[in-house]
Amino acid sequence: MAALLAVPPVSASQSQQKDCPHVTINAINNRIAHDLDSLVNSTFFRYFKINMHKGCPFWNTNDLCFQPDCAVEEIGDEDEIPLVWRSKTLSDIDFHSDSSQLMSFSSKCTYSEKDFCSIEDDSSAEGVFVNLRNNPERFTGYAGEPANRIWASIYNENCFELGHSAESHSSLEDQPACFEKHVFYKIVSGLHASVSTHICHEYLDRATGTWVSNASCYQARVGRFPARVDNIYFTYQVLLRALHKLQPYLSSYPFCTSSPSESTSISTLVNDLVSAGAAHDTACPSTFDENRMFRDADGWELKAQFKDRFRNVSRIMDCVGCEKCRLWGKLQVSGLGTALKILFEYADGTVDYRLTRNELVALFNTLFRFSESLRAVEYFDGVEAAAIAEEEKKRRGSTNETKDGKQKDAGGDQSSSRDTAATAIGWDDSFVWITSPRDPWTFVVGFTVLVLGVIRTVWKSWDLEEAEKRKLAAESRYKEEKDAEESTRRSNAAQAAKRRRARKD
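Residues numbered from 1 in each chain as written. Predicted model: local features only at pLDDT ≥ 70, side-chain atom pairs only at ≥ 80, totals over all residues. Heavy atoms only, no water.

**Regarding the overall build of the chain**
Then, in step 1: The number of helices and strands found in the chain is 15 helices and 4 strands.
Then, in step 2: When burial is assessed residue by residue, the chain has 45% of its 505 residues classed as buried.
Then, in step 3: Of the contacts formed within the chain by residues at least 6 apart in sequence, a portion of 83% connects residues at least 24 apart.
Then, in step 4: Entry remark: accessible area of the chain is about 25,900 Å², with carbon and sulfur atoms responsible for 53%. (Helix = DSSP H or I, 4+ residues; strand = E, 2+ residues; numbered from the N terminus. Buried < 20%, exposed > 50% of the residue type's maximum accessible area, 1.4 Å probe, protein only. Contact = heavy atoms within 4.5 Å. Areas by Shrake-Rupley, 256 points an atom, 1.4 Å probe, with all protein chains shown as cover.)

This is the structure:
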């Protein structure tokens, strides 16, 4: 979703909650970022099963992206996957048995009554495993009308009637609506702004072929709109709140992998992250409270609408023409849907959750993507602050030069008078002895110092040149290695896309 529509703002007055300071959330996020990164790179959380070939249920579309960066590198051989997750193993499990620790869905049903989104079936033969680390979310070049149509459909058809559209950028400040509808909008807006931040933070500079952080892209899409940044933070806190609520369930969850030691390590990391969720609830108790929602007389009906609209958003992801964008769109919508399911469908303290492995993978990877967004926001804020400081420095320098010029013009005659007076009293004679020495030893010492200084300068210049050559050589080797790695990845992705097109034909 490279070319994304701007996110219409939601005013702070409509959040109806006391916002937690960004600096507090950043501190919590920076504390868990390393553990979260380790967790999503583990065997359990880096593999996601997905059906990439579902048809778009809302319109006929041929807006497929055939650029190499749009392709998804699938896992063709399930030998890479732990035995317990493989299709043959899952097909032999009786999911209706009380002893089964796994959960699946019938191929005829994409969601249950409690689900807020369309769920990817772990046991479906139509799905394929994807290594998320080999398919990073970043700029793909998917742009224009197809990408715009996705977000326009989400905002205009699924965000309740709040008097805004994706194109008009109209404000919600004067639009009366209940708290639940604004929460829905803030979550969707937070997802949109987070995706935009990822794209700008890992942006392909086509002129050089390198991945860079594009500050101008970020400022144009997100940074210059404080409400969009606020919505990223808000949605991140919803995810943390869901994680904390899930603590009793996660404390005994069997994170099955091929390695018992890795499974134990995963459990430890998960418990540490749950503790961070508890720390957030302590530091920011009033930012988001799910118990305030759907409490009115029409709460049941409103909750049904909320759920149906979010399910529609998840189904719209099947209309995305870029495979990699579709992968991360489906995963993150599923992660948010899982968080909403935890918050609104289960009582506090329960362990009777019915969650698939895919839902847990989506939840933690979505939290990771929002965590990365917050770190990117911090980075871009630093870039912007440095640019402002540099501009202010230049402005002050220009002002001082103007003042100095005026003072120099005003003091010209006085300087000439002082020079004449200095000559009259012999100051000129006493200050030129270095260039016209009366003492031969003074000349020898001065000349020696001058020669040594020149030699030292030449030596340091040569040393710096050698250091620069070594640096350039190292950078060249690094770029060649990265180019080779990127070329291999693109070749694999192109071959995978070719195989998929062949299967379709």
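**Quick look at the packing of aromatic side chains**
To describe a pair of aromatic rings, one takes the distance between the centres and the angle between the planes.
Then, in step 1: Overall, the coordinates contain 19 aromatic pairs when judged by the stated rule.
Then, in step 2: Consider the rings of Phe44 and Tyr253, whose centres lie 6.1 Å apart with planes at 80 degrees: the pair is edge-to-face. Here the residue Phe44 occupies a position in helix 2 (residues 43-46), and Tyr253 occupies one in the loop between helix 8 (247-250) and helix 9 (260-283), the gap between them amounting to 209 residues.
Then, in step 3: Note on Tyr253: relative accessible area 8%, which makes it buried. (Phe/Tyr/Trp six-rings, centres within 6.5 Å; stacked < 30°, edge-to-face > 60°.)

**So, unusual backbone geometry**
Then, in step 1: If you check the backbone angles, Phe294 has positive phi at about 60 degrees while not being a glycine.
Then, in step 2: Position of Phe294 relative to the elements: it lies in the loop between helix 9 and helix 10 (299-316).
Then, in step 3: For Phe294, a relative accessible area of 14% translates into the label buried.

**A look at the packing of helix 5 (residues 179-201) against helix 6 (residues 215-223)**
Then, in step 1: At a closest axis distance of 9 Å, the pairing of helix 5 and helix 6 adopts a crossing angle of 175 degrees. Here helix 6 runs roughly antiparallel to helix 5, going by the angle between their axes. Contact residues: helix 5 offers Ala193, Ser196, Thr197 and Cys200, while helix 6 offers Cys217, Tyr218, Arg221 and Val222. (Axes fitted to C-alpha atoms, helices over the stretch in contact; angles between N-to-C directions. Parallel < 35°, antiparallel > 145°, perpendicular 65-115°, else oblique.)

**What to know about the packing of helix 7 (residues 226-245) against helix 9**
A packed helix pair is summarised by two numbers, namely the angle formed by the two axes and the spacing between the axes.
Then, in step 1: Where helix 7 contacts helix 9, the two axes come as close as 8 Å, and the packing angle between them is 115 degrees. Our pair here, helix 7 against helix 9, has a crossing hand that is left-handed. Here Gln237, Leu240, Arg241, Leu243 and His244 of helix 7 lie close against helix 9, whose contacting residues are Leu273, Val274, Gly277, Ala278, His280 and Asp281.
Then, in step 2: When its residues are assigned to classes, the contact of helix 7 with helix 9 shows 5 nonpolar, 4 polar and 2 charged. (Left-handed = near helix turned anticlockwise from the far one by under 90°. Nonpolar A, V, L, I, M, F, W, Y, C, P; charged D, E, K, R; others polar.)

**Some details on the environment of Gly190**
Then, in step 1: On the secondary structure map, Gly190 appears in helix 5.
Then, in step 2: Separated by 41 residues in sequence, Gly190 and Asn231 have C-alpha atoms that sit 4.4 Å apart.

**Some remarks on the side chain of Glu137**
Then, in step 1: Secondary-structure assignment places Glu137 in the loop between strand 2 (128-131) and helix 4 (145-158).
Then, in step 2: There is a polar contact of 2.7 Å between the side chain of Glu137 and the side chain of His198.
Then, in step 3: Reaching out from Glu137, the side chain makes a polar contact with the side chain of Arg369 at a distance of 2.9 Å.
Then, in step 4: Excluding residues within four positions of it along the chain, Glu137 makes contact with Val195, His198, Glu202, Trp328, Gln332 and Arg369. (Polar contact = N/O pair within 3.5 Å; in protein donor to acceptor, adjacent residues only side chain to side chain.)

**Overview of the environment of Ile32**
Then, in step 1: Within the secondary structure, Ile32 is located in helix 1 (residues 22-40).
Then, in step 2: Owing to a relative accessible area of 3%, Ile32 belongs among the buried residues under this scheme.
Then, in step 3: Beyond its immediate chain neighbours, meaning those up to four positions away, Ile32 contacts Tyr236, Leu240, Leu273 and Ala276.

**Here we look at the environment of Val130**
Then, in step 1: Residue placement: Val130 occurs in strand 2.
Then, in step 2: With residues up to four places along the chain from it excluded, the contact list for Val130 reads Arg46, Tyr47, Phe48, Ile50, Val72, Glu73, Ile75, Asn135 and Leu327.

**Thoughts on the confidence of the model for the chain**
Then, in step 1: Across the chain, the average pLDDT comes to 77, with 75% of residues at or above 70.
Then, in step 2: Under a pLDDT of 50 for its full length, residues 163-176 has, in the predicted model, 36 contacts with residues more than four places off or in other chains.
Then, in step 3: Counted against residues more than four places away or in other chains, residues 415-437, with its pLDDT under 50, gives 6 contacts. (pLDDT = per-residue confidence, 0-100.)

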